[in-house]
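# Residue-level structural notes
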Amino acid sequence: MKSPIRLEMEDKVAVLTIDRNERRNSLDNDAIDAFLAALNKVRRSQVVALVITADGDRSFCAGSDLKALNGYNEEEVTHHTHLFQLLTETIDELPCATIAAIEGACLGGGLEIALACDSRIADRGARFGFPEITVGVLPTGGGTIRAPRAIGLARAREMMLFGEPVDAKEAQTIGLISKVVTGNVREEARARAELLASQTHREAVMLLKAMLVSGAGAPPRLGATLAYLGDVALSRSPYFLNADQSK
């Protein structure tokens, strides 16, 4: 049986691919377990930038596998919600930069995965939305927190309460994604990952991510102190001392 998740790591760059095209790259509990295991490998590596993408061009991720959920008992369904929250939190807190390379439908939990990434690049044909309300459930993978931060509370409320999708052009306009790509979105995302990996090192990204994620909402003085301590540590590291100042 093939794994629902493929992970390729080459030096400082990794590519994680959701490989469930036959299920529109939706995720059941086994797929999320495999996803988390792959992310833990990245966490323990020296990867500076991770690209998260999916097999095929129909769907980046359709969120939860509703067919699988229909066959779960109550405990398994509850565990699924826990796993999905853990998944997006793990992506959010990874000590490396993360780039979502999006083709096709990016809906529900799939959009929550993308929102947990540091950057979102999409093909012109991509669609984005939170359709959960239309089947009587809620976005539980962090979308109610991360979407308002990305696009504002009013726009997030409209998207979630009415369940209406937006195309890539509108998604870029409202700040849901950062770039719309005409060519190969995966190649574009990998090129961006490789560029970052050539310009910096893991420790700098790790400290910056920690300040941005864990320090969000902290009092200004505390945030400034954390930034100061992190900068002092990095300025005394061999990476900084050996850096080419001519760049």
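First things first, this report covers the structure right here in the doc. (Residues numbered from 1 in each chain as written. Predicted model: local features only at pLDDT ≥ 70, side-chain atom pairs only at ≥ 80, totals over all residues. Heavy atoms only, no water.)

## Brief notes about the overall build of the protein
- Secondary structure summary: the protein contains 11 helices and 10 strands in total.
- A globule of 247 residues ought to have a C-alpha radius of gyration of about 18 Å, and the protein, at 18 Å, matches this closely.
- Expressed along its principal axes, the backbone C-alpha trace of the protein runs to roughly 55 × 45 × 40 Å.
- Buried positions account for 46% of the 247 residues belonging to the protein.
- Relative to all contacts within the protein whose residues are 6 or more apart in sequence, the contacts with residues 24 or more apart total 71%.
- Carbon and sulfur atoms provide 54% of the accessible area of the protein, an area that totals close to 12,900 Å².
- A distance of 4 Å separates the average location of the 28 positive side-chain charges in the protein from that of its 32 negative side-chain charges. (Helix = DSSP H or I, 4+ residues; strand = E, 2+ residues; numbered from the N terminus. Rg over C-alpha atoms; globule rule 2.2 N^0.38 Å. Buried < 20%, exposed > 50% of the residue type's maximum accessible area, 1.4 Å probe, protein only. Contact = heavy atoms within 4.5 Å. Areas by Shrake-Rupley, 256 points an atom, 1.4 Å probe, with all protein chains shown as cover. Lys, Arg positive; Asp, Glu negative; His and termini not counted. Charge placed at Lys NZ, Arg CZ, Asp CG, Glu CD.)

## Some remarks on the environment of Leu94
- For Leu94, the location among the structural elements is in the loop between helix H3 (74-92) and strand E5 (97-102).
- Exposure remark for Leu94: the relative accessible area of 0% places this residue in the buried category.
- Along the primary structure Leu94 and Ala49 are separated by 45 residues, whereas in three dimensions their C-alpha atoms are 9.9 Å apart.
- Sequence-distant contacts of Leu94, that is, excluding residues within four places in its chain, are made with Leu39, Arg43, Leu50 and Lys209.

## Side note on unusual backbone geometry
- Of note in this structure, Asp11 is not a glycine but carries a positive phi near 60°.
- The backbone of Asn25 sits at a positive phi, close to 55°, despite the residue not being glycine.

## Some points on the nonpolar core
- Counting 49 residues, the largest nonpolar core has Leu27, Phe35, Phe60, Leu87 and Phe128 as its most contacted members.
- In terms of residues, this core owes the most to one element, helix H1 (residues 29-43), which gives 7 residues.
- Leaving out residues up to four positions away in the same chain, Leu27 has contacts with Ile18, Arg20, Ile32, Phe35, Cys61, Gly63, Ser64, Asp65, His80, Phe84, Leu87 and Ile113. (Core = buried A, V, L, I, M, F, W, Y, C linked by side-chain atoms within 4.5 Å.)

## Things to note about the pattern of salt bridges
- The tally for this structure, following the rule as stated, stands at 14 salt bridges.
- Residue Glu170 is joined to Arg155 by a salt bridge in which the shortest nitrogen-to-oxygen separation is 2.5 Å. Of this pair, Glu170 sits in helix H7 (residues 168-173) while Arg155 sits in helix H6 (residues 153-162), placing them 15 residues apart in sequence.
- Take Glu170: its relative accessible area is 32%, and that puts it in the partly exposed class.
- Overlapping salt bridges, with partners in common, bring together Lys2, Arg6, Asp19 and Glu22 in one network. (Salt bridge = Lys/Arg side-chain N within 4 Å of Asp/Glu carboxyl O.)

## Structural notes on the sheet that holds strand E1 (residues 5-10)
- If you trace the 6 strands from one edge of the open sheet to the other, you get E1-E2-E3-E5-E7-E10, paired in mixed fashion. The open sheet terminates on both sides in strands that have one partner only, identified here as E1 and strand E10 (179-181). Ignoring strand direction, the axes of neighbouring strands in this sheet form an average angle of 20°.
- Across 4 bridges, E5 lies against strand E7 (residues 119-123) in parallel orientation. When the bridges of E7 are listed, Ala101 appears paired with Ile121.
- Contacting E1, strand E2 (13-18), strand E3 (49-54), E5, E7 and E10, helix H8 (residues 185-199) runs over the sheet at an angle of about 165° to E5. (Pairing = 2+ DSSP bridges. Axes fitted to C-alpha atoms, helices over the stretch in contact; angles between N-to-C directions.)

## Regarding the packing of helix H5 (residues 143-151) against H6
- At a minimum axis distance of 7 Å, the contact between H5 and H6 shows a crossing angle of 130°. With respect to H6, the axis of H5 lies oblique. By crossing handedness, the relation of H5 to H6 is classed as right-handed. Residue-level contacts link Gly143, Thr144, Ala147, Pro148 and Ile151 of H5 to Leu153, Arg155, Ala156, Met159 and Met160 of H6.
- Looking at the contact of H5 with H6 residue by residue, the class counts come to 7 nonpolar, 2 polar and 1 charged. (Parallel < 35°, antiparallel > 145°, perpendicular 65-115°, else oblique. Left-handed = near helix turned anticlockwise from the far one by under 90°. Nonpolar A, V, L, I, M, F, W, Y, C, P; charged D, E, K, R; others polar.)

These values are about where atoms sit, not about what they do.
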